[in-house]
Amino acid sequence: MEKTTITMKYIAREFGVSVATVSRALAGSPHISKARREQIQQFAREHNFYPNAIAAQLRQSHTTPSKIIGVIVPQFAHYYFASILDGIEQESSARGYRILVAQSDEQYNTEVQICESFYQNKVCGIIVSQAKDTTQYDHFRQLIDAGVPLVFYDRICAGINTSRVVVDDYMGAFNAVSHLIRTGCRRIAFFGTTMNIEIAKNRLNGYKDAIYQNGLTPDDSLIIQCDNRQDAELITPNILKRKDRPDAFFAVNDETAIGILYATKKFGLKVPQDISICGFTNVSSATACSPMLTTVEQRGVEVGKEAADILIDFAEGKTPPEQVVKRIVKTRLVIRGTTRPLPEEPEK
């Protein structure tokens, strides 16, 4: 069913009042009764409506931009997001800006509320990685339409052509799986995440292409949605019980890979002699497990610095508002103990 575009005129019709009354209610005018004011404000929130008055204030603020950047993080506890936040803080501080940070906790509704809060507090722009739960993008479109600079990092909004900073997820996955194949692995399982996230598609495509280009046949039954340690510890033993069990696992992140490692050892198999394992991120715990984890390093601090640099250039008018800036940070394969050594090259 097609959604109705919410405007002040629409709200005015709903309540049988004038557009001016709606405008004053949304602005918190004391000349509107408290009950009516709260009714109108609640209706606007439920329909993700951002008052034009606030949009006008934001546009006017471009002449003397605020020095506060809004940052939306899916999860504070995630090492990669923490490292990106570190990079954003470093670059912002160096250029005289402060950051206001909020966690969506992977929830669409929370993300919408954060956008509204940042919007009302007149941040000079927003740096965001979308929540796993987000499949609708009206709240992002409204920010863009109001002239608010918006820069995505890591998880980009594929439905909107916006400025972004990403790592080369495809090549990171391709190189990791190719390395597993060069060490003798032939049946490689992939533990990934929900496909509405662009990075999930890119890493899956890198995994598949590495298998194809190395002359192997992919097995769809080895492609499993699993993106956290707890689920990996539950799912992995069932995969290992198969007669045609894999000889390697490539995981969408390190926490999942560490869950696979724990479950594999508990199952009684040796890593990497029986099973090779590779993760993605290079979290601090990658060197705290035994054996230490082979992984793809994402360079989160660099991602954060690039995102802040793009945002501040927009806020200061150095980049035209209609321009879309896209940057890619290269990954690096970090080889450790959970993968077999490469076979020695014969002497020439």
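As the structure is a prediction and not an experimental result, all values here were calculated from the model.

Details of the sheet that holds strand E5 (residues 163-167)
Here is step 1 of the chain: Strand order in the open sheet formed by 6 strands is E2-E1-E3-E4-E5-E11, and the pairing between neighbours is parallel. This sheet does not close on itself; its edge strands, each paired only once, are strand E2 (98-103) and strand E11 (326-329). Each strand axis lies, on average, 15° off the axis of its neighbour in the sheet, ignoring direction.
Here is step 2 of the chain: Sheet topology note: the E5/E11 ladder contains 4 bridges and is parallel. Pairing of Arg164 across the sheet is with Lys326, part of E11.
Here is step 3 of the chain: Taken strand by strand, helix H7 (residues 138-145) contacts strand E3 (126-128) and strand E4 (150-153), and its axis lies near 140° from that of E4.

Description of the pairing of strand E6 (residues 188-192)
A regular strand places its side chains on the two faces of the sheet in alternate fashion.
Here is step 1 of the chain: Taking burial as the measure, the 5 residues of E6 include 5 buried ones, the bulk of the element.
Here is step 2 of the chain: Residues Ile188, Phe190 and Gly192 of E6 are buried on one face, and the alternating residues Ala189 and Phe191, pointing to the opposite face, are buried as well.
Here is step 3 of the chain: Bridge count for E6 against strand E8 (residues 248-251) is 4 bridges, and the pairing is parallel. Looking at the pairing, Ile188 lines up with Ala248 of E8.
Here is step 4 of the chain: Direction of pairing for E6 relative to strand E7 (residues 223-225): parallel, over a ladder of 3 bridges. If you follow Gly192 over to E7, its bridge partner there is Gln225.
Here is step 5 of the chain: Handedness of the crossover joining E6 and E7 through helix H9 (residues 198-213): right-handed.

With respect to the sheet that holds E8
Strand pairing in a sheet relies on backbone hydrogen bonds. The paired strands run either parallel or antiparallel.
Here is step 1 of the chain: With respect to topology, 6 strands assemble into an open sheet ordered E7-E6-E8-E9-E10-E12, the strand pairing being mixed. Each edge of the open sheet carries a strand with a single partner, namely E7 and strand E12 (332-334). On average, each strand axis in the sheet is tilted by 20° relative to the strand beside it, whichever way the strands run.
Here is step 2 of the chain: Where E8 and strand E9 (residues 276-281) come together, 3 bridges link them in parallel fashion. When the bridges of E9 are listed, Phe249 appears paired with Ile277.
Here is step 3 of the chain: Each of E6, E7, E8 and E9 is contacted by H9, which is oriented at about 175° to E6, the strand it contacts most.

Quick word on the confidence of the model for the protein
Here is step 1 of the chain: Counting all residues, the mean pLDDT for the protein is 89, and 92% of those residues have values of 70 or more.
Here is step 2 of the chain: Model confidence for the protein, summarised as mean pLDDT per element, is weakest for helix H4 (residues 52-60) at 45 and strongest for E8 at 98.
Here is step 3 of the chain: Confidence drops under a pLDDT of 50 for residues 52-63, and excluding neighbours within four residues, the segment shows 14 contacts in the predicted structure.

Thresholds applied
- Residues numbered from 1 in each chain as written.
- Predicted model: local features only at pLDDT ≥ 70, side-chain atom pairs only at ≥ 80, totals over all residues.
- Heavy atoms only, no water.
- Pairing = 2+ DSSP bridges.
- Helix = DSSP H or I, 4+ residues; strand = E, 2+ residues; numbered from the N terminus.
- Axes fitted to C-alpha atoms, helices over the stretch in contact; angles between N-to-C directions.
- Contact = heavy atoms within 4.5 Å.
- Buried < 20%, exposed > 50% of the residue type's maximum accessible area, 1.4 Å probe, protein only.
- Right-handed = clockwise from strand over helix to strand, strands pointing away.
- pLDDT = per-residue confidence, 0-100.

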